[in-house]
Amino acid sequence: MNALIYKTLIPSISLRLSTRLTLILNSFLHFKAPLPRAMSSYSPQQVFQLKLDPLTGNSEWVVIQDSDELPECSKEPLLASTSYLDMLNDSHRNKAFRLAIDKTVTKPCHVLDIGAGTGLLSMMAARAMGLNGRVTACESYLPMAKLMRKVLHRNGIGKNINLINKRSDELEVGVDNPSRADVLVSEILDSELLGEGLIPTLQHAHDKLLVENPLTVPYRAVTYGQLVESPYLWKLHDLFGSEAKASDGIHLVPTGLETVIHFKLQQHPMHCDAIRKEIKLLSEPFKIFEFDFWKRPDSHGKTKVQIKMTDTGCIHAVVSWWILQLDREGTVFYSTAPSWISSAAKIGSGNWCDHWKQCVWFLQGKGMPVSEGEEVLLEATHEETSVSYNLSVLGSQTDIREHDQRIGDFQLLVSPERIATYGDSEWRLSVLAAVRKALQGRVNPLCVVADDSIFLTLLAANLSKTSHVISLFPGLRDKGAKYVETVAKANAFSMDRVEVPEKWKACLTMLDTHGKKVDLLIGEPYYYANEGMLPWQNLRFWRDRTLLDPVLSEDALIMPCKGILKACAMSLPDLWNSRCCLGEVEGFDHSVVNTTLGACGELPAPKESPCLPFCVWQCGEIKELSEIFTILEFDFLKLMTSCYGKAQVQFTEHGICHGFVLWMDWVMDAENSIVVSTRPDHRYWKQGVKLLTKPVAVGIHGSKTTNEFGSTIIEAFFDPSSSELIIKHTFS
């Protein structure tokens, strides 16, 4: 694990103890990318790991000692939600590094591996040198360093590699290393290239740890881009434009406050092949930046690219990728280019993987209209950990990024998927109908919004002119209160009818409700801190409803009134291959990492692969093999309790079943007439995926062959005390 800036993950965490223990976040927060992997501050003795309970919103610190086994902080393996397993299953990546290291490390020397992970590159270098070389492996993340020790021991190569559990910028020549290193082998790249701290890591290494003119693997990286039109990408960023088509009278982004709700101005990783049919290419690919690993990089850089439009349309985004040249001679490459780039398959990309994607930079507002043959100027700027773009039509004085900056002194940052959800007319109409039905016939109702839904807050205040709304905003807190205050006038209500408690409470008292019982308790449910987590972890709403029970009136309406756990058996070959158990990786046994990394496959009993969140529609090749079926129902009209469900499912297609995709449907009214689903074809939500130990051939009941299964029995148990959903299955 390498560099870098943990404040980009959780801004409120910046504590550093005098004993040099560093507080870090692990996969309990379900970040899809691996945690930053280079210049983070870990002690060789112990480290604090943050464990988050998504059902309660509470967190606790778990201490990991250097001498301990990796802790079982939950039933999910410690590193299951990182990208290490996917990376080690990327055979193109592994082969490219092996070929380049074999070409570069041709004699005994001193090799430095920064962000060593499981030690794969270190072992490659040690093998290439033979017995007389020396490898210094720097791995700052203690759980990964412990795992690397196991891998080195399994392969009998530990004596040749000096593993140091420190940040790379804490290494000292003469203390940790006897001399500067002759060769740097390192893989500290993310989808954007720079996000894991490539630049500051290389700067420090060249200044303090490497000889002059060192050999490096990789040798160079080049970033490329392409201008595209895409209605789907437009929906992910232009809420003002999407909302203009709505007819519900709610203004999340009123005129004059077009960017009061906004996404973070950054490149967003995405599997662009999944939306290829929704993308219109408006330019040829163009080169943006070039970064040489063998020399010290600059912290900041700018470039201008003049681009001729190849088609007429509206530029909604810049799609970018990078090509890695791993050896000095230029014979070994790896590419993250989308499949429509014809040269991609020839230079080192191929199998679907989740650890490196393309990146999307959204143009603000409606985009930039262009005509075929017109020339556009792209100005690209890179900082130490990010790249940004600015576009303008040549000959025009109008900058596309200047017209949409009227944000005043406040802006609420949300994910692109949340922007698209808020702009989705079908979703808005469903929620509007549910709230209108809930308010019907109620006079002076007291409405509590239990989650972080700003849309429900505006709806409840707008639809009933006599309502009083208390929005708890457990994740948004002050930001939510400031937002509602900013848009209240445009939504025809005054702030004396809406309040956000100054201090968040898990349960309200009659004092908090001004002596009045709650008439409506509502939620989407949506929790700001739960984005990217498993869909049923929004059952936090059920827990909140249970805690608020003492202040609910006898006829209180609860929305949603029910949650339904749905599932479908699916063929997921690309995802399964990226998550399957490791054996030998380029000649090195990695089987000892499978359980910790959450692999699917033949694991020692009683271990099994965890259920993990994915945007299933982006998971490469996918195919439904059964009808959609119900496993469990959660009745929010009752207090929270444990639940058990069982379903027998007939397969409707022949194929290879790799697992089950699970999601939540939220029933918004007592008549079951309004349902908000998070199923895979609703692309703004993630689903849970439970992969099988071994892929199974299935067929249609009654016409299956002897080696095919015709049905399966699924059982699920939900335990609210541990926030765990346990899923079992049997094929028949």
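Everything discussed here concerns the structure shown above.
This section reports on the structure supplied with the text. Remember, predicted model here, so these are calculated numbers, not experimental data. (Residues numbered from 1 in each chain as written. Predicted model: local features only at pLDDT ≥ 70, side-chain atom pairs only at ≥ 80, totals over all residues. Heavy atoms only, no water.)

## Some remarks on the overall build of the chain
Let me state the cut-off plainly: Numbered from the N terminus, helices here are DSSP runs of H or I no shorter than four residues, and strands are runs of E no shorter than two. Burial classification: accessible surface area is computed with a 1.4 Å probe over protein chains only, and a residue below 20% of its type maximum counts as buried, one above 50% as exposed, and the rest as partly exposed. Surface accessibility in these figures is a Shrake-Rupley result with a 1.4 Å probe; residues are shielded only by whichever protein chains are displayed.
For the chain, the helix and strand inventory stands at 13 helices and 39 strands. Taking all 732 residues of the chain together, the buried fraction comes to 60%. Element-wise, carbon and sulfur atoms account for 51% of the exposed surface of the chain, whose accessible area totals about 28,700 Å².

## Observations regarding the packing of aromatic side chains
Formally: To pair, rings of Phe, Tyr and Trp, with the six-membered ring standing in for Trp, must have centres within 6.5 Å; the planes then decide the type, stacked if under 30 degrees apart, edge-to-face if over 60, and tilted in the middle. Here, over-ring charges are defined by two tests on the NZ atom of lysine or the CZ atom of arginine: distance to the ring centre within 6 Å, and angle to the ring normal within 35 degrees.
The tally for this structure, following the rule as stated, stands at 21 aromatic pairs. On the basis of an interplanar angle of 85° and a centroid distance of 5.8 Å, the ring pair of W361 and Y389 is categorised as edge-to-face. On the criterion of sequence distance, the pair formed by W361 in strand β18 (residues 358-362) and Y389 in strand β21 (residues 387-393) is long-range, its members being 28 residues apart. Assessed through its relative accessible area of 4%, W361 is described here as buried. On the accessibility criterion, Y389 (3% relative accessible area) is buried. Judged by centre distance (6.5 Å) and plane angle (35°), the rings of Y422 and F455 are tilted. Of this pair, Y422 sits in helix α8 (residues 416-423) while F455 sits in helix α10 (residues 454-463), placing them 33 residues apart in sequence. Taking the relative accessible area as the measure of exposure, F455 reaches 0% and is therefore buried. Taken together, the ring pairs connect F541, W542, F634, F636, W666 and F718 into an aromatic cluster. Over the face of the ring belonging to Y422 we find R418, whose NZ or CZ atom lies 4.7 Å from the ring centre.

## Observations concerning the pairing of strand β37 (residues 687-698)
Rule in force here: Pairing between two strands is assigned when DSSP locates at least 2 bridges connecting them.
In terms of strand pairing, strand β31 (residues 612-614) meets β37 through 3 bridges, oriented antiparallel. Following the sheet pairing, P613 is matched in β37 by G688. Both strand β35 (residues 655-667) and β37 contribute to a ladder of 7 bridges, which runs antiparallel. Across the sheet, residue C657 finds its bridge partner in β37, namely V696.

## Some points on the nonpolar core
Our working definition: Buried Ala, Val, Leu, Ile, Met, Phe, Trp, Tyr and Cys residues that are joined via side-chain atoms within 4.5 Å together make up what is termed a nonpolar core. Any two residues whose heavy atoms approach within 4.5 Å are treated as being in contact.
One finds L233, I261, Y483, F634 and F718 to be the most contacted residues of the largest nonpolar core, which totals 115 residues. Contact partners of Y483, with chain neighbours within four places excluded, come to H251, L252, V260, I261, F410, L412, I454 and L458. Formed by 87 residues, the second largest nonpolar core is a distinct cluster that contains M144, F293, V318 and L326.

## Notes on the packing of α8 against helix α9 (residues 425-439)
The test is simple: As a rule, the C-alpha atoms of each element are fitted with a line to give its axis, helices using only the stretch in contact, and angles between N-to-C directions run from 0 to 180 degrees. Polar here means any residue outside two lists: the nonpolar Ala, Val, Leu, Ile, Met, Phe, Trp, Tyr, Cys and Pro, and the charged Asp, Glu, Lys and Arg; Gly therefore counts as polar.
Remark: α8 packs on α9, axes separated minimally by 5 Å, with the N-to-C direction vectors making an angle of 65°. The segment α8 lies against α9, with T421, Y422 and G423 engaging S425, W427 and R428. The residue makeup of the contact of α8 with α9, split by class, is 2 nonpolar, 3 polar and 1 charged.

## Regarding the sheet that holds strand β39 (residues 724-731)
Ordered in space as β34-β38-β39, the 3 strands form an open sheet in which the pairing is antiparallel. Taken across any chain shown, the strands that pair with only one partner, and hence form the sheet edges, are β34 (643-650) and β39. Between one strand and the next, the sheet's axes are offset by a mean angle of 15°, whatever the strand orientation. Pairing geometry for strand β38 (residues 711-719) and β39, over 8 bridges, is antiparallel.

## Quick look at helix α11 (residues 478-487)
Since there are 3.6 residues in each turn of an α-helix, residues three or four apart along the chain are aligned in direction. As a reminder of what qualifies: In this description, the arc belongs to the directions extending from the helix axis to the C-beta atoms.
Inspection of α11 places G480, Y483, V484 and V487 among the buried residues, and these make up the whole buried set. Down the axis, α11 shows its buried residues gathered within 95° of arc, on one side only. Where the residues of α11 are buried, they touch β10 (261-262), β22 (412-413), α10 and β25 (498-499).

## Regarding helix α12 (residues 540-547)
Taking burial as the measure, the 8 residues of α12 include 6 buried ones, the bulk of the element. Among all positions in α12, only R540, F541, W542, R543, D544 and R545 are buried. Close packing links the buried residues of α12 with β26 (518-522), β27 (552-559), β33 (629-635), β34 and β38.

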